[in-house]
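Structural characterization, general
Here is what each chain is made of, one letter per residue.
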Amino acid sequence: MTPLFKPDPRLDLVLERVVDAPRELLWTAYTKPEHVRQWFTPKPWIVTDCEIDLRPGGLFRTRMQSPDGKQVNDRRCCYLDIVPNERLVWTDALLPGYRPSGDPFITAVISFQPEGKATRYTATAIHRDEATRNNHEEMGFYDGWGTVLDQLAQYVKTI
């Protein structure tokens, strides 16, 4: 696969790991709401709702709940690029139908590349400027996204 772009370390955060699962399972876990709800936020947080309209211009939305029961982070994103079993790209800079959003934060590129019977998983968080990138890193990008990836790796063993 040819990379979609070359990450800029000043603006982007990248998490890459080999996951002991075929990419088809990871793809399924990323593209079906009933699966996303099981692993997409670090526990003890939970995903209370997820909507997916898996097409360019379609909706990717998650709503999360904190351990104390507060509903937070109702994030609405627009899919930009979808290559089955290889790549998902979505952004909160656009709403479904490519409508501009009022509060953009991130564009995510998730790629799944075969590596033997496993999958090289790469998550790239693209930011508009260094301050936003640095803020995301300080918020715990590597710990949070790493925990979620661990949860995903465990979850796909059950589907």
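Residues numbered from 1 in each chain as written. Predicted model: local features only at pLDDT ≥ 70, side-chain atom pairs only at ≥ 80, totals over all residues. Heavy atoms only, no water.

A few words now on the UniProt feature "domain: Activator of Hsp90 ATPase homologue 1/2-like C-terminal" (unreviewed entry) in the protein chain. Under the present numbering, the feature "domain: Activator of Hsp90 ATPase homologue 1/2-like C-terminal" (unreviewed entry) in UniProt falls on residues 20-157. Here residues 20-157 is 29% helix and 39% strand, with 9 Å between the C-alpha atoms at its ends. (UniProt positions renumbered as here; feature names shortened; annotations may be inferred. Helix = DSSP H or I, 4+ residues; strand = E, 2+ residues; numbered from the N terminus.)

Bringing the side chain of Thr41 into the picture now. Mapped onto the elements, Thr41 comes out in the loop between α2 (33-39) and β2 (46-52). Of the residues examined, Thr41 reaches a relative accessible area of 6% and is grouped as buried. Excluding residues within four positions of it along the chain, Thr41 makes contact with Ile46, Val47, Met64, Val148 and Gln151. (Buried < 20%, exposed > 50% of the residue type's maximum accessible area, 1.4 Å probe, protein only. Contact = heavy atoms within 4.5 Å.)

Once that is clear, we can look at the layout of surface pockets. Of the volumes computed, that of the largest pocket is approximately 690 Å³. What lines the largest pocket is a set of 25 residues, and nearest its centre among them are Phe40, Met64, Asn73, His136 and Trp145. Looking at the lining of the largest pocket, the elements with two or more residues in it are β3 (59-65), β4 (71-83), β8 (107-115) and α4 (141-155). Tallying contributions element by element places α4 first for the lining of the largest pocket, with five residues. In terms of residue class, the lining of the largest pocket is built from 18 nonpolar, six polar and one charged. (1 Å grid on protein atoms, 1.4 Å probe; cavity = no way out; pocket = protein on both sides within 12 Å on 5 of 7 lines; lining within 4 Å. Points joined across faces, edges and corners; volume = space filled by probe spheres on them. Nonpolar A, V, L, I, M, F, W, Y, C, P; charged D, E, K, R; others polar.)

Bringing the sheet that holds β2 into the picture now. Spatially, seven strands are ordered β1-β9-β8-β5-β4-β3-β2 in an open sheet, and the strand pairing comes out antiparallel. Only two strands of the sheet have a single partner each, and these edge strands are β1 (12-19) and β2. Shown here is a sheet whose adjacent strand axes are inclined to one another by a mean of 20°, direction ignored. Pairing of β2 with β3 involves six bridges; the strand directions are antiparallel. The residue of β3 that forms the bridge with Ile46 is Gln65. Along the sheet, α4 contacts β1, β8 and β9 (118-126); its crossing angle with β1, the most-contacted strand, is approximately 25°. (Pairing = 2+ DSSP bridges. Axes fitted to C-alpha atoms, helices over the stretch in contact; angles between N-to-C directions.)

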